[in-house]
Number of protein chains: 2
Amino acid sequence: MRNFKMILQYEGTRYQGWQKQESTEHTIQGKLSALLTRMTGQEIEVQGSGRTDAGVHALGQTANFHADTNLSAGEIMEYMNTYLPEDIAVISLEEVPERFHSRLNAKGKTYCYRVLNTHIPHVFDRRYTYMVPEKLDLEAMRRAAEYLTGTHDFKAFTSTKKGKKSTVRTIESIRIEKGESLSLQAAGAEDEIRFWYSGNGFLYHMVRIMTGTLLEVGAHKRRPEEIAEVLASGCREQAGALAPAKGLTLMEVRY
Amino acid sequence: MRNFKMILQYEGTRYQGWQKQESTEHTIQGKLSALLTRMTGQEIEVQGSGRTDAGVHALGQTANFHADTNLSAGEIMEYMNTYLPEDIAVISLEEVPERFHSRLNAKGKTYCYRVLNTHIPHVFDRRYTYMVPEKLDLEAMRRAAEYLTGTHDFKAFTSTKKGKKSTVRTIESIRIEKGESLSLQAAGAEDEIRFWYSGNGFLYHMVRIMTGTLLEVGAHKRRPEEIAEVLASGCREQAGALAPAKGLTLMEVRY
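Residues numbered from 1 in each chain as written. Chains lettered and ligands numbered in written order. Predicted model: local features only at pLDDT ≥ 70, side-chain atom pairs only at ≥ 80, totals over all residues. Heavy atoms only, no water.

Asker: Just checking my understanding: could you explain the overall build of chain A for this structure?
Answerer: A tally of regular secondary structure across chain A gives five helices and 10 strands. Relative to its length of 255 residues, chain A is compact, with a C-alpha radius of gyration of 19 Å against a globular reference of 18 Å. C-alpha extents for chain A along the principal axes are approximately 60 × 50 × 30 Å. Counting all 255 residues of chain A, 55% fall into the buried class. (Helix = DSSP H or I, 4+ residues; strand = E, 2+ residues; numbered from the N terminus. Rg over C-alpha atoms; globule rule 2.2 N^0.38 Å. Buried < 20%, exposed > 50% of the residue type's maximum accessible area, 1.4 Å probe, protein only.)

Asker: Explanation requested: the packing of aromatic side chains in the structure shown.
Answerer: The geometry of an aromatic ring pair comes down to the distance between the two centres and the angle between the two planes. Evaluated as defined, the whole model comprises 14 aromatic pairs over all chains. One residue, Arg38 of chain A, lies across the ring of Tyr83 of chain A, its end atom 5.0 Å from the ring centre. (Phe/Tyr/Trp six-rings, centres within 6.5 Å; stacked < 30°, edge-to-face > 60°. Lys NZ or Arg CZ within 6 Å of the ring centre and 35° of its normal.)

Asker: Where do I start with the relation of the copies chain B and chain A in this structure?
Answerer: Between the two copies of the chain lies a rotation about an axis combined with a shift along it. Each copy superposes on the other: chain B lies on chain A with an RMSD of 0.0 Å after a rotation of 180 degrees and an axial shift of 0.0 Å. Both copies are brought into coincidence by an operation consistent with a two-fold rotation axis. (Least-squares fit on C-alpha atoms with pLDDT ≥ 70 in both.)

Asker: Explain the side chain of Thr69 of chain A to me, please; I cannot follow it from the model alone.
Answerer: All names here are of chain A. Within the fold, Thr69 resides in the loop between strand S3 (57-67) and helix H2 (73-83). With a relative accessible area of 11%, Thr69 lands in the buried category. Of the polar contacts made by the side chain of Thr69, one reaches the backbone nitrogen of Leu71; its length is 3.0 Å. If we skip the residues at most four places from it in the chain, Thr69 touches Arg2, Phe4 and Ile76. (Polar contact = N/O pair within 3.5 Å; in protein donor to acceptor, adjacent residues only side chain to side chain. Contact = heavy atoms within 4.5 Å.)

Asker: Just to check I follow, could you spell out helix H5 (residues 226-233) of chain A for this structure?
Answerer: One full turn of an α-helix is made of 3.6 residues, so residues set three or four places apart face in the same direction. All names here are of chain A. Here H5 has its buried residues at Glu226, Ile227, Val230 and Leu231. Along H5, the residues classed as buried sweep out an arc of 140 degrees about the axis, all on the same side. The inward-facing, buried residues of H5 contact helix H3 (138-148), strand S7 (150-153) and helix H4 (206-218). A positive phi of about 65 degrees marks Gly234, the residue just after H5. (Arc of directions from axis to C-beta.)

Asker: I keep staring at the packing of H3 of chain A against H5 of chain A and nothing clicks. Help me out?
Answerer: Packed helix pairs are characterised by how far apart their axes lie and by the angle those axes make with each other. Residue and element names in this part refer to chain A. The geometry of H3 relative to H5 is characterised by a closest axis approach of 8 Å and an angle of 30 degrees between their N-to-C directions. By the angle class used here, H3 and H5 are roughly parallel. Of the two possible hands of crossing, H3 and H5 adopt the one that is right-handed. Taken together, the residues of H5 that come into contact with H3 (itself represented by Ala144, Tyr147 and Leu148) are Ile227, Ala228 and Leu231. Grouping the constituent residues of the contact of H3 with H5 by class yields six nonpolar, no polar and no charged. (Axes fitted to C-alpha atoms, helices over the stretch in contact; angles between N-to-C directions. Parallel < 35°, antiparallel > 145°, perpendicular 65-115°, else oblique. Left-handed = near helix turned anticlockwise from the far one by under 90°. Nonpolar A, V, L, I, M, F, W, Y, C, P; charged D, E, K, R; others polar.)

Written out as structure tokens, the structure is:
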């Protein structure tokens, strides 16, 4: 059996998330597995680096699959891009050693959460950004982000039910940058704020809850120092709102 | 009667172009006029700087309308952005002198045609770009573009039936630039080519036919020097193919 690693882009809008489910055909993993099964005539299971929620996008999701095929990596990639729906694309595909596992071997991930800090809708970016009209204090959000950086128990920042699994994770960096919107804005207004999160792994809803909490700090509804107390509490109710899925994009998985 | 000027963004995908038609509700002008008529209780006619074809986008279309209203410009803009479909947005709205006319007073326009020069689909940009997998010779396209710059009879570069109206136009500049795709590409590949056209006015299909012709030069299907002959012929069949609408965006109208 040969093993293939691929890097994927998708727009999450139409999908019930990454993970294949019995109840719906509309998952990214389900689309990919079905297509490769059709291509090879074998039952193919695509393994992702991790799940993404319903509505979350990816520009650099990684996945792998085993198949008994004579096709080259280039031929498989071309076949996939021909038959995949236009909101999913394979941007690279290569053969890897048989033991490579996209989830178990992942060393780190980077997510980007895009906020449009304006009351004026941006037509081209509307599917990939969350619009926040209130004025946001960048410095306050950056100070708050420092409390989240490092190794912590992020139990307050996940929606997972109480379980036995560890909720300790390490965030290597949180970068908050302001910039011109990507939509070729004639106006050239600097109204996009991007939150970049890099870490060794993220819990269910963790990036979206961190973003929702940082946005409350930015709007002066909380002080940056409160983040330390929220972490210590281990209590979901102490953290901020869950930011909408559509603003979030999985940018990169590192090995 | 007060006169209001607005700058509009729209994604053209769902629409039968700018201009209101009897046969369809799906035009940008139709949506805007109907909404303002509802807001004011008066029959409002929105006048654009010019038409855009079905499927063509805008980040800086300009339009004006006359209305007898006590609402402020800010209130009108807020009302419109609340009720417009999410693929149309008003990014500025101001009161202007009564004689201002968005079409007759327009001094120049800038269009951008976006080509993804790759065989790998870009999910986030797919609605706003045209994918061309063949290798393109930038220098040849730039030399060809020089023949189009200046004042010429562009009869060969329009789909309009023979008529009495002048087909002479002045193109101030054509800029062809290569750059990183706007879709936050993790890969950072320089695979987007943008064609920027500025001129005092453009004929029906003119930007798309110029782009289609330049792409044939870029793929070495024509020599740059042929452009002079095509212009001189005045014959549509001598020019290149009509590039797809979805790659084209009206960026700015100058007054």
